[in-house]
Amino acid sequence: MTFNLSPLPYALSALEPAISMRTMEFHYGKHHAGYVDKLNKLVQGTPLARQTLDEIILRTARDRQAAAIFNNAAQVWNHDFFWRSMTPDGGGRPDDALGRRIADDFGSFDEFAKQFVTQATGLFGSGWVWLAGDADGLRIVTTADAELPMTSHRQALLACDVWEHAYYLDYQNNREGFVRAYLDKLVNWEFATEQLARMDQGRVAAIGQRSDRRAR
Ligand code: FE
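Residues numbered from 1 in each chain as written. Predicted model: local features only at pLDDT ≥ 70, side-chain atom pairs only at ≥ 80, totals over all residues. Heavy atoms only, no water.

Trainee: Is there a simple way to think about the overall build of the protein in this case?
Mentor: Secondary structure summary: the protein contains 8 helices and 3 strands in total. The helix and strand sequence of the protein, counted from the amino end, reads α-α-α-α-α-β-β-β-α-α-α. Here the protein has a C-alpha radius of gyration of 18 Å; the compact-globule value for 216 residues is 17 Å, and the two agree. When its C-alpha atoms are laid out on the principal axes, the protein stretches across 60 × 50 × 30 Å. Burial statistics for the protein: of 216 residues in total, 48% are counted as buried. Expressed as a percentage of contacts within the protein between residues at least 6 apart in sequence, the contacts between residues at least 24 apart total 70%. (Helix = DSSP H or I, 4+ residues; strand = E, 2+ residues; numbered from the N terminus. Rg over C-alpha atoms; globule rule 2.2 N^0.38 Å. Buried < 20%, exposed > 50% of the residue type's maximum accessible area, 1.4 Å probe, protein only. Contact = heavy atoms within 4.5 Å.)

Trainee: It is not clear to me how the environment of A146 should be interpreted in this structure. Could you clarify?
Mentor: You can see A146 is positioned in the loop between β2 (137-144) and β3 (155-161). The spacing of A146 and W77 is 69 residues in sequence and 9.3 Å in space, taken between C-alpha atoms. Residue contacts for A146: discarding those within four places in its chain leaves F70, N71, A74, Q75, N78, W128 and W163.

Trainee: I would appreciate a short explanation of helix α2 (residues 53-60) in the present structure.
Mentor: Since the α-helix turns once every 3.6 residues, residues separated by three or four places project in the same direction. For α2, the set of buried residues is L53, I56, I57 and T60. Take α2 and look down its axis: the buried residues cluster within an arc of 100°, on one side only. Following α2 by one or two positions, R62 adopts a phi angle in the positive range, close to 60°. (Arc of directions from axis to C-beta.)

Trainee: Explain unusual backbone geometry here, please?
Mentor: What is expected of a backbone is that most residues other than glycine have negative phi and most peptide bonds are trans. Here E16 and P17 are connected by a cis peptide whose omega angle stands at 0°. Note on placement: P17 falls in the segment before α1 (21-43). At Q172, a residue that is not glycine, the phi angle is positive and equals roughly 50°. Examined against the element boundaries, Q172 turns out to sit in the loop between α6 (168-171) and α7 (175-186). Residue class for Q172 comes out partly exposed when judged on its relative accessible area of 41%.

Structure, rendered in structure tokens:
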């Protein structure tokens, strides 16, 4: 299988002024495209070339020998997810269903937003900030470099790229300004709600399996 650079769900200029077209040209056109190219070169002629992106990520996670493959595969996945976590008319508040879950697990939406910014600015070096969930509920997760919630059995709902390449042209060293713009202007809550539904469906299936076993 050859991996392709997924099309952006909007124009390169669509996120302006929160994220400039110039940032998108580099971030999508050079960084993201570069991860796709490197991944294709690394897996070419190996059994991994026949795997899906998710399978490659799960098979190479925590395998030092396969670190280059993991890093490039995970960065392809992370960027695909990041672009879809944003929309030109985004930001604001989630719908009632997700809003209630956030209020239950964080206390309030404002507390969620505060924690998101704190975790993003506190993450040392390059990485990602996520709204993610598991059986214990929703939480904000930070991951270093290319790491992602999938390898800790968590469902990602939203991703924010806090590598410097994501914001340096527009915000220089002001990571907080970038993360606030992401929350206020860009977050695609509809996309997050879809991921929450996937998480809940997965949980229902797992509970169903357990009761089947008990019934036997
Ligand atoms: Fe990036």
